[in-house]
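Given next are the chains, with one letter for each unit.
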Protein chains: 2
Amino acid sequence: MELYTDAYFMNEAMKLAQIAFEDGEIPVGAIIVCRNKIIAKAYNQTEKLTDVTAHAEILAITSAANALGAKYLTECQMYVTLEPCAMCAGASFWAQLGEIHYGASDPKRGFSRLTENLLHPKTKVTSGLMAEESKALLDKFFKKLRN
Amino acid sequence: MELYTDAYFMNEAMKLAQIAFEDGEIPVGAIIVCRNKIIAKAYNQTEKLTDVTAHAEILAITSAANALGAKYLTECQMYVTLEPCAMCAGASFWAQLGEIHYGASDPKRGFSRLTENLLHPKTKVTSGLMAEESKALLDKFFKKLRN
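- Chain A has the name tRNA-specific adenosine deaminase in an unreviewed UniProt entry, where Aquiflexum gelatinilyticum is given as its organism.
- The record held by UniProt for chain A lists under Sequence similarities (unreviewed entry) the comment "Belongs to the cytidine and deoxycytidylate deaminase family."
- We quote the UniProt Catalytic activity (unreviewed entry) comment for chain A here in full: "adenosine(34) in tRNA + H2O + H(+) = inosine(34) in tRNA + NH4(+)".

Put into structure tokens, the structure is as follows:
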């Protein structure tokens with residue numbers, strides 16, 4: 001079995017962020033990987049679903065649990081193009097997510113600015129992968145929105 | 001039009017917590033009220049839906065937005081039998097919920113233990129209504145679970 005890299009997976013998440021952008025949504029994409037296989041793909045759909053809870057991470061966690069038939073995602077990795085907010089960090093806590101890899105930081109609503117203990121103690125976190133591409137896409141979205 | 005009291009609405013939320021209890025779910029119920037009318041009712045369904053995000057508050061926020069056809073719940077009040085966790089507090093932030101009335105405090109995972117700034121600055125919070133009834137039902141659930 002071919003072993004995919006973190007860069008490969010984050011690039012898959014970026015493709016989903018691009019779809020969100022094209023749909024007029026704040027461009028954030030997320031995937032969940034389990035044993036080197038993508039088991040869930042999602043992008044932000046708060047506008048389309050008229051639902052503030054429809055962040056990429058929430059949809060991905062729900063979808064991953066459905067794929068596994070299990071609530072807990074301890075053996076899974078999430079790749080998300082933007083730092084999760086408190087809601088999504090809280091969801092990852094309940095899911096006991098194994099790892100979170102996020103791209104761009106979110107200085108306004110990122111969980112790490114709020115408090116350290118939103119994540120499950122077992123969840124490992126890395127950040128910065130494709131951060132520039134993610135931030136560029138977000139900036140493009142908000143610039144377009146203002147015009 | 002009859003004006004309902006906070007006690008009436010919290011009692012409606014308690015009825016939903018009771019349904020959760022009977023379904024073998026951690027017994028938490030939530031309703032969302034808009035202009036003195038209940039527009040959403042939900043109870044914790046994490047077991048039934050195999051989904052850690054299916055807390056009463058998340059389901060109620062999604063349902064209320066659907067009922068209103070609008071993402072923001074600035075004119076709405078949530079009545080929930082247990083203090084919301086970080087995930088649900090974070091969801092209420094995005095929804096810009098007008099008011100949260102919660103019953104029992106959650107010393108372990110309640111949002112107020114984590115950080116003050118999880119809620120939207122415009123969200124008013126009260127607590128303690130039917131707190132004893134809510135805590136008694138939760139205690140009964142966990143006692144049953146251990147036996």
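Comments concerning the packing of helix α2 (residues 56-68) of chain A against helix α3 (residues 86-95) of chain A
Residue and element names in this part refer to chain A.
- Relative orientation of the contacting elements α2 and α3 amounts to 20 degrees, with a least axis distance of 9 Å. By the angle between their axes, α2 is roughly parallel relative to α3. In the crossing of α2 with α3, the sense of the turn from one axis to the other is left-handed. Contacts between α2 and α3 involve Glu57, Ile58 and Ile61 from the former and Met87, Cys88, Ala91, Ser92 and Ala95 from the latter.
- Partitioned by chemical class, the residues of the contact of α2 with α3 number 6 nonpolar, 1 polar and 1 charged.

Details of the nonpolar core
- Counting residues in hydrophobic clusters, the biggest one holds 68 residues, and the most contacted among them are Ile32 and Leu118 of chain A together with Ile32 and Leu118 of chain B.
- When near neighbours in sequence (up to four residues on either side) are disregarded, isoleucine 32 of chain A contacts Lys37, Ile38, Ile39, Ala40, Ala60, Ile61, Ala64, Leu73, Cys76, Gln77 and Met78 of chain A.
- Phe9, Ala20, Leu137 and Phe141 of chain A belong to the second largest nonpolar core, which has 15 residues in total.

Describing the side chain of glutamate 12 of chain A
All names here are of chain A.
- Tracing the backbone shows glutamate 12 in helix α1 (residues 6-22).
- You can call glutamate 12 buried: its relative accessible area is 9%.
- Beyond its immediate chain neighbours, meaning those up to four positions away, glutamate 12 contacts Ile31, Ile38 and Lys41.

Quick word on the relation of the copies chain A and chain B
- Expressed as a screw operation, the relation of chain A to chain B combines 0.0 Å of axial shift with a rotation of 180 degrees, fitting to an RMSD of 0.0 Å. Given the turn and translation reported, the copies of this chain are related as if by a two-fold rotation axis. No C-alpha of chain A approaches the rotation axis more nearly than that of methionine 87 of chain A, which lies at 1.9 Å.
- Counting the interface residues of chain A, we find that 100% of their copies in chain B are interface residues as well, pointing to one common contact surface.

So, the pairing of strand β1 (residues 29-34) of chain B
Residue and element names in this part refer to chain B.
- Burial analysis of β1 places 6 of its 6 residues in the buried class, the great majority of the element.
- Across 6 bridges, the pairing between β1 and strand β2 (residues 37-43) is antiparallel. Among the inter-strand pairings, isoleucine 32 is bridged to a residue of β2, identified as alanine 40.
- Between β1 and the antiparallel strand that follows it, β2, lie 2 residues; arginine 35 among them carries a positive phi value of about 50 degrees.
- Bridge count for β1 against strand β3 (residues 76-82) is 5 bridges, and the pairing is antiparallel.

Conventions adopted
- Residues numbered from 1 in each chain as written.
- Chains lettered and ligands numbered in written order.
- Predicted model: local features only at pLDDT ≥ 70, side-chain atom pairs only at ≥ 80, totals over all residues.
- Heavy atoms only, no water.
- UniProt positions renumbered as here; feature names shortened; annotations may be inferred.
- Axes fitted to C-alpha atoms, helices over the stretch in contact; angles between N-to-C directions.
- Helix = DSSP H or I, 4+ residues; strand = E, 2+ residues; numbered from the N terminus.
- Parallel < 35°, antiparallel > 145°, perpendicular 65-115°, else oblique.
- Left-handed = near helix turned anticlockwise from the far one by under 90°.
- Contact = heavy atoms within 4.5 Å.
- Nonpolar A, V, L, I, M, F, W, Y, C, P; charged D, E, K, R; others polar.
- Core = buried A, V, L, I, M, F, W, Y, C linked by side-chain atoms within 4.5 Å.
- Buried < 20%, exposed > 50% of the residue type's maximum accessible area, 1.4 Å probe, protein only.
- Least-squares fit on C-alpha atoms with pLDDT ≥ 70 in both.
- Pairing = 2+ DSSP bridges.

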